[in-house]
Amino acid sequence: MALEKAQPTDAHLHILQLLSTDPISDRAEQVLISPSSIGATLRYQANYVGQICQDLAENDLVEKADREGTYYKITWRGRAYLEGEIEIDTEAKDISDGD
């Protein structure tokens, strides 16, 4: 389900919330998780999680991390969306942070 056609589902929000958690290690800036690990944690199939992550990435809410395999991390827009500071505007793709 592409976000430009509908509002985020519970799965979209659960994945964003998981990616927004603070890393366990002080050495990491943010959490990087693969779709299979997200699926195992949230009890979704990895293929479904991969599709949701692509939807979120198309709206700049998450991005692929530059690592071996496919890992995702939340973006500043993803955090702002969870905080209610911005809404998804797929038409404009130009989101103001209120400054």
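Here, every reference points to the structure presented above.
Residues numbered from 1 in each chain as written. Predicted model: local features only at pLDDT ≥ 70, side-chain atom pairs only at ≥ 80, totals over all residues. Heavy atoms only, no water.

A. The arrangement of the packing of helix 1 (residues 10-19) against helix 3 (residues 46-58) in detail. Interaxial distance between helix 1 and helix 3 falls to 10 Å at its minimum, and their mutual angle equals 80°. Relative to helix 3, helix 1 is oriented roughly perpendicular. Contact residues: helix 1 offers Ala11, His12, Ile15 and Leu16, while helix 3 offers Tyr48, Val49, Ile52, Cys53, Asp55 and Leu56. Classifying every residue of the contact of helix 1 with helix 3 by side-chain character gives eight nonpolar, one polar and one charged. (Axes fitted to C-alpha atoms, helices over the stretch in contact; angles between N-to-C directions. Helix = DSSP H or I, 4+ residues; strand = E, 2+ residues; numbered from the N terminus. Parallel < 35°, antiparallel > 145°, perpendicular 65-115°, else oblique. Contact = heavy atoms within 4.5 Å. Nonpolar A, V, L, I, M, F, W, Y, C, P; charged D, E, K, R; others polar.)

B. Structural detail: the packing of aromatic side chains. Applying the stated criterion across every chain yields a total of one aromatic pair. Aromatic side chains Tyr44 and Tyr48 sit 5.7 Å apart centroid to centroid with 65° between the ring planes, which places their arrangement in the edge-to-face category. (Phe/Tyr/Trp six-rings, centres within 6.5 Å; stacked < 30°, edge-to-face > 60°.)

C. Expanded view of the nonpolar core. Judged by nonpolar contacts, the single largest core of 19 residues is most densely connected at Ile15, Leu16, Leu19, Ile38 and Leu56. Elements with a contribution of two residues or more to this core: helix 1, helix 3, strand 2 (71-74) and helix 4 (76-82). Looking at this core, the element that brings in the most residues is helix 1, giving five residues. Setting aside chain neighbours within four positions, we find Ile15 in contact with Ile38, Leu42, Val49, Ile52, Cys53 and Leu56. (Core = buried A, V, L, I, M, F, W, Y, C linked by side-chain atoms within 4.5 Å. Buried < 20%, exposed > 50% of the residue type's maximum accessible area, 1.4 Å probe, protein only.)

D. Representation of helix 3 within the structure. For helix 3, with 13 residues, the first-to-last C-alpha span of 18 Å sits near the 18 Å given by 1.5 Å per residue. Looking at helix 3, one finds that the buried residues are Val49, Gly50, Ile52, Cys53, Asp55 and Leu56. In the core, the buried residues of helix 3 are packed alongside helix 1, helix 2 (35-42), strand 1 (62-65) and strand 2. At the exit of helix 3 stands Asp60, carrying a positive phi of roughly 60°. (Expected span 1.5 Å × (residues − 1).)

E. Structural detail: the pattern of salt bridges. By the definition in use, this model includes two salt bridges. Across the pair Arg77 and Asp60 runs a salt bridge, and its minimum N-O distance is 3.6 Å. A residue pair is termed long-range when its members are at least 10 positions apart, and Arg77 in helix 4 and Asp60 in the loop between helix 3 and strand 1 qualify at 17 residues. In this structure Asp60 comes out as partly exposed when scored by relative accessible area, which is 38%. Residue Lys73 pairs with Glu63 through a salt bridge whose shortest N-O separation is 3.4 Å. Placement of the pair is Lys73 in strand 2 and Glu63 in strand 1, with a sequence separation of ten residues. (Salt bridge = Lys/Arg side-chain N within 4 Å of Asp/Glu carboxyl O.)

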